[in-house]
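Structure at a glance
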Amino acid sequence: MADGTAGIRYPWETPPQEGEAIEVAEGVLWMRLPLPMALDHVNIYALDEGDSWTIIDTGFDSKRSRAIWADLMAGPLGGKPISRLIVTHHHPDHVGLAGWFQEEHGAELWTTRTAWLFARMLQLDEQAVPRQETLEFYRRCGMDEEIYNERKSERPFNFADVVAPMPLGFRRIKQDDVIRMGGRNWDVHIGNGHAPEHATFWSRDDNLVLSGDQILPSISSNIGVYATEPEADPVADWLESCERLKAFARADQLVLGGHKLPFTGAPTRMRQLIDNHHGALERLVRHLDEPKTASECFAPLFKRSIDKGAYGLALVEALAHLNHLYHIGTVSRTMREDGAWLWHRIG
């Protein structure tokens, strides 16, 4: 067994072009769908079942995505049907076309129960303006006043904008399942933190890992707290998942993630993912020598300027780290007159 000391390496320097695929292992194709944001792509994988394909994740629901999928199915996928769709977690770039594959192409959806429930609930919860609970949540975070005033009257991002309607019915994936796909048996290990009950798949028969967004190279998965569960501690969930999953990591494994490039050196990356958050928490504690709101905590966490486009993700991640410090008793909080939490280091 590899000793885990190898660094991170990228067997492919260039990702597949739109409508094309790269075979990363026998019967395993890597494809990409575009995203209209700073992280401008999501990786998709197809596993050959002989007379059909299993697809891992989908991309957003859009006319462009559907057209790209039509090209992929006619081209690299050779016209064979897609019999099964596996969704790693509920985020829209991964589940966006699940309902379309079910209804238009007869694919069976496999995912975790929490992922399905979250995705279907959010797809049905369309809002013209933010709910009062969301505005109060923004206030609790100390959101910048200009951004708050913009957001309170504009249509918020809705899952329904980029996620196709999802019919009833799915097959549940859970911890310790063994799933046969692409001529291999895969152990299911569930992660948390980035998304609740996020499925990852570890091949028993070779060195492949399908990691979704739970294990990514070069970037850290967003870990956020939202108005749906404002007291949540996803940082604790993330750290627990990384500690648990690193036991399965080997230096020779080819990790096929939801973004960026496939890579080897999983043990190194798992240590980095854990150390990065411990380092961020230590910087944040030092930063809280005076009371501060979540919106005043970007500098120690991100070590770069945050523009308006990244502001929302930065805010929910700052709150996630503050919640963790609060839950472990390292910081206290008091409410300012305007409704914002002020966080302060204890001792």
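Before any of the text, the structure's been laid out above.
Before going into details, it helps to say that this report is about the structure given with it. (Residues numbered from 1 in each chain as written. Predicted model: local features only at pLDDT ≥ 70, side-chain atom pairs only at ≥ 80, totals over all residues. Heavy atoms only, no water.)

The next thing to look at is the overall build of the chain. Secondary structure summary: the chain contains 11 helices and 14 strands in total. Since a compact globule built from 347 residues should have a radius of gyration of about 20 Å, the 21 Å found for the chain is in line with a globular shape. If you line up the chain on its principal axes, its C-alpha atoms span 65 × 50 × 35 Å. Within the span of the chain, comprising 347 residues, buried residues form 55% of the whole. If you take every contact in the chain between residues at least 6 apart in sequence, the share linking residues at least 24 apart comes to 65%. Charge-centre separation for the chain: the mean point of 36 positive side chains lies 2 Å from the mean point of 50 negative side chains. (Helix = DSSP H or I, 4+ residues; strand = E, 2+ residues; numbered from the N terminus. Rg over C-alpha atoms; globule rule 2.2 N^0.38 Å. Buried < 20%, exposed > 50% of the residue type's maximum accessible area, 1.4 Å probe, protein only. Contact = heavy atoms within 4.5 Å. Lys, Arg positive; Asp, Glu negative; His and termini not counted. Charge placed at Lys NZ, Arg CZ, Asp CG, Glu CD.)

This part covers the sheet that holds strand E11 (residues 208–212). Each strand in a sheet pairs with another by means of backbone hydrogen bonds, the pair being arranged parallel or else antiparallel. Read across the sheet, five strands follow the order E8-E9-E10-E11-E12 without closing on themselves; strand pairing throughout is mixed. A strand with exactly one partner marks an edge of an open sheet, and here the two such strands are strand E8 (178–181) and strand E12 (254–257). Recorded for the sheet is a direction-independent mean angle of 30° between the axes of neighbouring strands. Contacts from helix H8 (residues 234–245) reach strand E9 (184–191) and strand E10 (198–203), with the element oriented near 150° to E9. (Pairing = 2+ DSSP bridges. Axes fitted to C-alpha atoms, helices over the stretch in contact; angles between N-to-C directions.)

We now examine helix H4 (residues 113–124). Taking 1.5 Å as the rise per residue, H4 with 12 residues should run 16 Å; its terminal C-alpha atoms sit 17 Å apart, in good agreement. Listed as buried for H4 are Ala 115, Trp 116, Ala 119, Leu 122 and Gln 123. Within H4, the buried residues cover an arc of 150° as seen down the axis, which keeps them to one side. Packing partners of the buried residues in H4 comprise helix H2 (92–95), strand E6 (108–111) and helix H7 (159–162). (Expected span 1.5 Å × (residues − 1). Arc of directions from axis to C-beta.)

The next subject is the side chain of Asn 222. Tracing the backbone through its elements, the reader meets Asn 222 in the loop between E11 and H8. Only 2.8 Å separates the side chain of Asn 222 from the side chain of Glu 317, close enough to count as a polar contact. (Polar contact = N/O pair within 3.5 Å; in protein donor to acceptor, adjacent residues only side chain to side chain.)

Our focus in this paragraph is the environment of Trp 30. Assignment of secondary structure puts Trp 30 in strand E2 (residues 28–34). Along the chain, Trp 30 and Leu 261 lie 231 residues apart, while their C-alpha atoms are 9.9 Å from each other. A polar side-chain atom of Trp 30 sits 3.0 Å from a polar atom in the side chain of Asn 43.

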